[in-house]
There are 2 protein chains.
Amino acid sequence: MAPMTTLKGEKFDRTLFESVLKRRFFFTESFEIYRLSPNFKGDNRGLFDYGPPGCALQANIVDAWRKHFVLEENMLEVDCTVITPELVLKTSGHVDKFADWMCKDPVKGEYLRADHLVESVLESRLARGLNGPSKDSPKLDEANIAEYNDILAKIDNYDGPELAELIRRFDIRNPDGNGEVLPPIPFNLMFKSTIGPSAAAPVYLRPETAQGQFLNFRKLLEYNQGAMPFASASIGKSYRNEISPRSGLLRVREFLMAEIEHYVDPTQKKHERFFEVLAIELPLLDRETQLAGKTTPRTITVEQAVKSKTVGNETLGYFLARVLLFLLKLGVDPGKVRFRQHLANEMAHYATDCWDAELLTSYGWIECVGCADRSAYDLTVHSKYTGTPLVVKQALHEPVKVEEWQATLDKKLVGPRFKRNAKTIQASVDALDQSSLETLAAQLREKGSVVINTPALSDGKTSVELSSELLKIEKTTRLQTIREYTPNVIEPSFGIGRILYSLLEQVYWHRPNDTARAVLSLPLGVAPTKVLIVPLSSQPQFAPIVRRLSVRLRNLGISNNVDSSSASIGKRYARNDEIGTPLGITIDFDTVKDGSLTLRERDTTAQVRALEDDIVGAVKALVDGAEAWEQVCQRLPAFTGRDQDD
Amino acid sequence: MAPMTTLKGEKFDRTLFESVLKRRFFFTESFEIYRLSPNFKGDNRGLFDYGPPGCALQANIVDAWRKHFVLEENMLEVDCTVITPELVLKTSGHVDKFADWMCKDPVKGEYLRADHLVESVLESRLARGLNGPSKDSPKLDEANIAEYNDILAKIDNYDGPELAELIRRFDIRNPDGNGEVLPPIPFNLMFKSTIGPSAAAPVYLRPETAQGQFLNFRKLLEYNQGAMPFASASIGKSYRNEISPRSGLLRVREFLMAEIEHYVDPTQKKHERFFEVLAIELPLLDRETQLAGKTTPRTITVEQAVKSKTVGNETLGYFLARVLLFLLKLGVDPGKVRFRQHLANEMAHYATDCWDAELLTSYGWIECVGCADRSAYDLTVHSKYTGTPLVVKQALHEPVKVEEWQATLDKKLVGPRFKRNAKTIQASVDALDQSSLETLAAQLREKGSVVINTPALSDGKTSVELSSELLKIEKTTRLQTIREYTPNVIEPSFGIGRILYSLLEQVYWHRPNDTARAVLSLPLGVAPTKVLIVPLSSQPQFAPIVRRLSVRLRNLGISNNVDSSSASIGKRYARNDEIGTPLGITIDFDTVKDGSLTLRERDTTAQVRALEDDIVGAVKALVDGAEAWEQVCQRLPAFTGRDQDD
């Protein structure tokens, strides 16, 4: 992998970068003052607090998301609870399958995520050129290197037993102490609790916002007056009890998600606005390319991607394009984003296909948005369990003839014969699907009777034999005027914290030859504060000008900070370059005389000077995207009187 | 209590009101399709999902809050984790004290909140006029009635043993089955879980956002460049495992909070913007009035309230006024809001004073905003536990002479005498406060030695005797140039869900003589959707006009919905009156000819007609608050051609 470079092409220095984020309180480890206490026990990594600039940046990303997706596409936004009863997540498959494989180091008492362990050990061996845990290990030969690289390219594709085999075969040990580890076991990633004083039923913190949306499908469809396709959306915290979280904001146990569930007719995954995105170029890394051990994406248009079946359908293609546009709007570097298709074993249990939008960071390519085709999985399992139909009823223009198997019990005979079991048997017969009915019809013809599974009957049996006297199964034809179907779900799912962190890495650079003067080139749309107001002096005649300007900008909806500290103008600008404030307005002694102000742009440090109305007008035009900085520079006179950036 | 009336003075009908909220999917019980399943066990009440209009209303309230408080007052917004280690909440007092008293009904296996039990039983006896649980109970006499009312007025003031005594004395039983209940025991209201694979240390879901803010105090003060006073703020979910939640959105287990922690100099609780709110009139119900058994607030100005010491200080007074302004901005009825002071036993363990902003609903007066003076409680306990100073250092203009007791150990003697215990003893001496030092100095003078408590020493003892040879305690004088103090915290804390629900009750009414046609008179600022666009026909020439208008409004940041259904115009407007959409634009056959549109106002159903530019301009002016509807009606011609509201 090529090393991460900054916007200006220099090598990215994570230590310098992190010191900026820490200094400007973008975020911090939660409970930091407790972590330093000797009485603080247990594992509390993977939890972070956002300070003021991080919190404002997060709010602006969420706001941009809501505008780009929810408002632009009239999605139905909902807000569902985090606390979720076990039964819901049992049905969705999360209680049984939402797990990672972990190994225990019995000596250290440490738990390690199995795939991360294999990955880090093999990577470190490749780096050292040695084929084993100790210094005396034989050197890696070309065949070893090829094998290691092949495993690393597929690392997300191994299940538990396969990871166990790799650990055994390559003698992989805990890098911390070199101890052998026990074979991997699954660890469920959900936080568990109980609710109410009786604590009778377990609950979990949701691992995704999706389930709440699915459970409300019927109400949402009704709210949408029955019209299809449509999307619901939700922004909220989700929780994953990661085994051993490292790498800062990129792997956390509590995180903000924004998820869209787009419901489509499974026979008709077209999208009516697909034409708008046809020509957008997507950098795609598909499954086949990865399994061939390659990591270079190819860039093709959305139209080509869908036509060539690289991307499964129009709706998925439409969303990949919309996701890309969103990321670019936030300020993501177009050269540092790609879409990677999930490998078969890597996919969540509910997905039939998945493409991740990945952003390049100093930690490598990071999954920030998952675009999964969840098919009809979730709606089907919840509907089946609860008995609530989660389907769309479509009036057919032309009624169609439908042939189907139909089972009829002779009520007059069944009632007296089975007494209080009759109802249960009727329900079991009604629940038989078409393919079962076809099989049973043949049996009934051949043997004259069939055995039907039932819930426990009064005699304790869980099946019943029915003769052809009692049960008829016949092929019938009927005219269908309503088509009923379970929609498929296309789900773009955004990890806001990962996007935020990756974006910060990508917009970070420093002034030429001065690593101490960092800049975050965040676009105006998402920058925590839009405008810095800097009075040159603390003399009393400056105060009313500062206050008026600040209120005026605020009334235009433009966030601004006043820095009246005694630091030099240059220092005050430098401080705000580090939180990515795009514009600065200086109030100096000439302002007091003639009302003129200077306006400075963060990235170029260029300045213009004009009267307050013109400056405020320019700021408004820049914030609204009506003008670019270059246009403002052509319109308003440059200010070169004094270099304020020293 | 007077019954709740609607905006139009009619009796409020909760059944009708709830059917509107349900029909329009403002919110719903979470996991509703599971609740109906026979396998669904356990107690999952008190959890609600917001549908599209509820979610949009909530987002608009949050947005208004952020503008009114965070942006307007330059507060430092942070976003801290919900998951909190036990140690933090042990220190804050929540593990030991954040509990409600509950009684078990051993027959039913039910748990009841003790104060709610007493309250509901006494209220029901007052209503029935009977003094006991059974129908044969004696009638209530005047003394009984007075006593019951007195207890009810102070119901929030009783602790566990007092509630036990009331239950015994008045033979209070579970209304469901009339069974006797066991004496009240405390139930901690926090949800508990564990983190990480080892599950070694318990964690809780935070019961308030405040603790995360306090733990970051040092970083926040630094971010604010050391300047005082300042405020941090946070918006996020909090959790309370309520014993037996009822009354819908008003008592829930997962809820959105918005909290402000305003840090002030304890000797100087003035507020620099106090002058802006002097004349605002507050309806106050103070502690004395309540203990006298009265419930009518008196309305006085903020200035009077602070001057008369009814409200403790300027900062608290300032926030009460700002809270009132905020609630009125949301559309709260000025006649249905009051500020009630907490009774002594009712206050949270951390508060020294507290005023609740209460809104009148059909459930009575509901606490929606708590304004507490938390003094230095939280910062002190966290600082003490972690050893991290959470203080403000203030440079003094004039150095001041400070007299203080100082303890000095003779290191040359103490080291050899106490060996490895010497350090512990030194630390114990250093930790002595001024009043302990004064007492010890006297003892040392009298007896020639003192006993100092210590952590466990190597000989197992937890104290040590020190002679005056080893320890000197003397009064010294020094010049202080820096004053160090722990700030006090004034905390306005908002329950967003309670505000949202109470507001909906207060803005609900129905068209004269037509209970089926409900209206929610939400102001433009918070209404879920600002504009409804209604094409009169589905003919193809309407579509481009609809689309252009919708995009144009959206580009102005004005949310809008298109209703192209085949329902009548009147029905479509009625549907949107029920979600509180303030404005409607109709596109009819004249629009296709001459480009004119009609604009309808929800509350009056009055309409004006003008060209698209004028209509869009009027909408923008209304949304921005630059014009009132009456002004628009004077400017633009009324449309009376056809009554579209039928």
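No experiment lies behind these values; they were computed from the predicted model shown.

Asks: Any chance you could break down the relation of the copies chain A and chain B for me, citing the residues and the numbers?
Replies: At an RMSD of 0.1 Å, chain A and chain B line up after a rotation of 180° and a shift of 0.0 Å along the axis. Here the symmetry operator amounts to a two-fold rotation axis. Scanning chain A for the C-alpha nearest the rotation axis identifies A:S193, at a separation of 2.6 Å.

Asks: Can you break down the packing of aromatic side chains residue by residue, with the values?
Replies: Applying the stated rule across the entire model yields 38 aromatic pairs over all chains. Residues B:F17 and B:Y501 carry aromatic rings whose centres are separated by 5.8 Å and whose planes lie at 75° to one another, so their mutual orientation is edge-to-face. Remark: B:Y501 occurs in helix α18 (residues 496-507) and B:F17 occurs in helix α1 (residues 14-23); sequence separation between them is 484 residues. Residue classification places B:F17 among the buried positions, given a relative accessible area of 0%. Here B:F326 and B:F494 contribute two aromatic rings whose centre-to-centre distance is 5.7 Å and whose plane-to-plane angle is 90°, an arrangement assigned as edge-to-face. With a gap of 168 residues between them, B:F326 in helix α13 (residues 314-330) and B:F494 in strand β21 (residues 488-495) connect regions that are remote in the sequence. Across the pair, exposure class does not vary: B:F326 and B:F494 are buried alike. These aromatic residues form a ring-pair network of at least three members: A:F12, A:F17, A:Y363, A:Y501 and A:Y508. Taking NZ or CZ as reference, A:R609 lies 5.2 Å from the ring centre of A:F639, over its face.

Asks: Account for the sheet that holds strand β27 (residues 596-601) of chain A, with residues named and values stated.
Replies: Residue and element names in this part refer to chain A. Strand order in the open sheet formed by five strands is β25-β24-β26-β27-β28, with mixed pairing between adjacent strands. In this open sheet, the two strands that pair with only one neighbour each are β25 (560-562) and β28 (607-611). Here the average twist between neighbouring strands, direction ignored, is 25°. The pairing of β27 with β28 spans five bridges and is antiparallel. Directly across from L599, in β28, lies its bridge partner V608. Relative to strand β24 (residues 531-535), helix α20 (residues 569-577) is tilted by about 165°, and along the sheet it contacts β24, β26 (583-587) and β27.

Asks: Tell me about the environment of A:P186, and please be specific about residues and values.
Replies: Tracing the chain through its elements places A:P186 in strand β7 (residues 185-188). Excluding anything up to four places from it in sequence, A:P186 contacts A:A99, A:D100 and A:W101.

Asks: Kindly report on the pattern of salt bridges, identifying the contributing residues and their values.
Replies: Charged atoms that come close allow side chains of opposite charge to pair. Residue and element names in this part refer to chain A. Here the structure, examined in full by the defined rule, presents 96 salt bridges over all chains. Residues K269 and D373 are paired through a salt bridge, measuring 2.9 Å at the closest nitrogen-oxygen approach. Taken together, the positions of K269 in the loop between β11 (254-264) and β12 (281-285) and D373 in strand β16 (residues 364-375) put the pair 104 residues apart, joining distant regions of the chain. Across the pair, exposure class does not vary: K269 and D373 are buried alike. Among the salt bridges present, the one from K620 reaches D624, with a minimum N-O distance of 2.6 Å. Taken together, the positions of K620 and D624, both in helix α22 (residues 612-624) and four residues apart, correspond to about one turn of that helix. Put simply, D100, R113, D115, E242 and R251 are held in one network by salt bridges that share partners.

Asks: Tell me about the packing of helix α3 (residues 52-71) of chain A against helix α13 (residues 314-330) of chain A, and please be specific about residues and values.
Replies: Residue and element names in this part refer to chain A. Their axes nearest at 11 Å, the elements α3 and α13 cross at an angle of 145°. Crossing handedness for the pair α3 and α13: right-handed. When α3 is examined against α13, the residues I61, A64, W65, H68 and F69 are found in contact with a partner set consisting of R322, V323, L325, F326, K329 and L330. When grouped by side-chain class, the residues that make up the contact of α3 with α13 number eight nonpolar, one polar and two charged.

Asks: Explain the interface of chain A and chain B residue by residue, including any values.
Replies: Taken residue by residue, the interface counts 85 residues in chain A and 85 residues in chain B. Summing both sides of the interface, chain A and chain B together bury roughly 7100 Å²; the carbon and sulfur share of this comes to 60%. When the area that chain A buries against chain B is broken down by residue, the three leading residues are A:I33, A:Y34 and A:P197, summing to 11%. The interface formed by chain A and chain B holds six salt bridges in total. Two residues, A:K237 and B:D79, come together in a salt bridge whose shortest N-O distance is 3.8 Å. In this structure, the connection of chain A to chain B is made through 28 residue pairs in polar contact (both at pLDDT 80 or more). Its residues assigned to classes, the side of chain A that touches chain B shows 38 nonpolar, 26 polar and 21 charged.

Asks: Explain the domain arrangement of chain A residue by residue, including any values.
Replies: Where interface size is quoted, it is often the accessible area lost as the parts come together. Entries for chain A in the domain assignment read domain 1 (14-33 + 43-93 + 190-377), domain 2 (102-188), domain 3 (396-481) and domain 4 (529-635). For domain 1 of chain A and domain 3 of chain A, the distance between their C-alpha centroids amounts to 44 Å.

Asks: Give me the lowdown on the UniProt feature "domain: Aminoacyl-transfer RNA synthetases class-II family profile" (unreviewed entry) in chain A, citing residues and values where you can.
Replies: Mapped onto this numbering, the UniProt entry annotates "domain: Aminoacyl-transfer RNA synthetases class-II family profile" (unreviewed entry) at residues 159-512 of chain A. Taken as a whole, residues 159-512 of chain A contains 29% helix and 34% strand, while its terminal C-alpha atoms sit 48 Å from one another.

Asks: Could you give me a rundown of the sheet that holds strand β8 (residues 192-194) of chain B, with the residues and numbers involved?
Replies: Residue and element names in this part refer to chain B. Taken in spatial order, the three strands make up an open sheet running β4-β9-β8, and their pairing is antiparallel. The open sheet is flanked by β4 (83-85) and β8, the only strands paired with a single partner. Within this sheet the neighbouring strands show an average axis-to-axis angle of 45°, counted without direction. As paired strands, β8 and strand β9 (residues 202-205) are joined by three bridges and run antiparallel to one another.

Asks: Give me the state of the cysteines: which residues, what numbers.
Replies: Evaluation of the coordinates by the stated rule reveals zero disulfides over all chains. Of the cysteine sulfurs around B:C354, a residue in no disulfide, the closest is that of B:C371, at 7.1 Å.

Asks: Tell me about the side chain of B:E578, and please be specific about residues and values.
Replies: All names here are of chain B. Inspection of the secondary structure assignment puts E578 in the loop between α20 (569-577) and β26 (583-587). Judged by its relative accessible area of 3%, E578 falls in the buried class. Apart from the residues within four sequence positions on either side, E578 is in contact with V20, R23, R24, F26, A516, A518 and L520.

Asks: Tell me about α18(B), residues and numbers included.
Replies: Residue and element names in this part refer to chain B. Taking 1.5 Å per residue as the helical rise, α18 with its 12 residues ought to reach 16 Å, and the 16 Å between its terminal C-alpha atoms agrees with that figure. Among the 12 residues of α18, 12 are classified as buried, and the element is accordingly described as predominantly covered. Buried within α18 are the following residues: I496, G497, R498, I499, L500, Y501, S502, L503, L504, E505, Q506 and V507.

Asks: Would you mind going over the packing of helix α6 (residues 114-128) of chain B against helix α7 (residues 142-153) of chain B in detail, with residue names and values included?
Replies: All names here are of chain B. At a minimum axis distance of 10 Å, the contact between α6 and α7 shows a crossing angle of 150°. In terms of crossing hand, the pair formed by α6 and α7 is left-handed. Residues E119, L122, E123, R125 and L126 of α6 form the contact with α7, whose own contacting residues are I145, Y148, N149, I151 and L152. Its residues assigned to classes, the contact of α6 with α7 shows six nonpolar, one polar and three charged.

Asks: Account for the pairing of β27(A), with residues named and values stated.
Replies: Residue and element names in this part refer to chain A. Extensive coverage of β27 is indicated by the burial of six of its six residues. Of the two faces of β27, both are covered, the one formed by S596, T598 and R600 as well as the one formed by L597, L599 and E601. Inspection of the sheet shows β26 paired to β27 by four bridges, in the antiparallel sense. From the neighbouring strand, I585 faces β27, where its bridge partner is L599. The loop that links β27 with its antiparallel partner β28 comprises five residues; one of these, T605, has a positive phi angle of about 60°.

Asks: Account for the environment of A:E208, with residues named and values stated.
Replies: Residues and elements named next belong to chain A. Its place among the elements puts E208 in the loop between β9 (202-205) and α9 (210-215). Residue E208 is classed as buried on the basis of its relative accessible area of 2%. Sequence spacing of E208 and V82 is 126 residues, and the spatial spacing of their C-alpha atoms is 8.7 Å. Residues within four places of E208 in sequence aside, it is in contact with H94, S238, R240, M257, E259, Y350, R374 and E491.

Reading the values: the criteria
- Residues numbered from 1 in each chain as written.
- Chains lettered and ligands numbered in written order.
- Predicted model: local features only at pLDDT ≥ 70, side-chain atom pairs only at ≥ 80, totals over all residues.
- Heavy atoms only, no water.
- Least-squares fit on C-alpha atoms with pLDDT ≥ 70 in both.
- Phe/Tyr/Trp six-rings, centres within 6.5 Å; stacked < 30°, edge-to-face > 60°.
- Helix = DSSP H or I, 4+ residues; strand = E, 2+ residues; numbered from the N terminus.
- Buried < 20%, exposed > 50% of the residue type's maximum accessible area, 1.4 Å probe, protein only.
- Lys NZ or Arg CZ within 6 Å of the ring centre and 35° of its normal.
- Pairing = 2+ DSSP bridges.
- Axes fitted to C-alpha atoms, helices over the stretch in contact; angles between N-to-C directions.
- Contact = heavy atoms within 4.5 Å.
- Salt bridge = Lys/Arg side-chain N within 4 Å of Asp/Glu carboxyl O.
- Left-handed = near helix turned anticlockwise from the far one by under 90°.
- Nonpolar A, V, L, I, M, F, W, Y, C, P; charged D, E, K, R; others polar.
- Buried area = accessible area lost by both parts, 1.4 Å probe.
- Polar contact = N/O pair within 3.5 Å; in protein donor to acceptor, adjacent residues only side chain to side chain.
- Domains from an automatic or database assignment.
- UniProt positions renumbered as here; feature names shortened; annotations may be inferred.
- Disulfide = S-S within 2.5 Å.
- Expected span 1.5 Å × (residues − 1).

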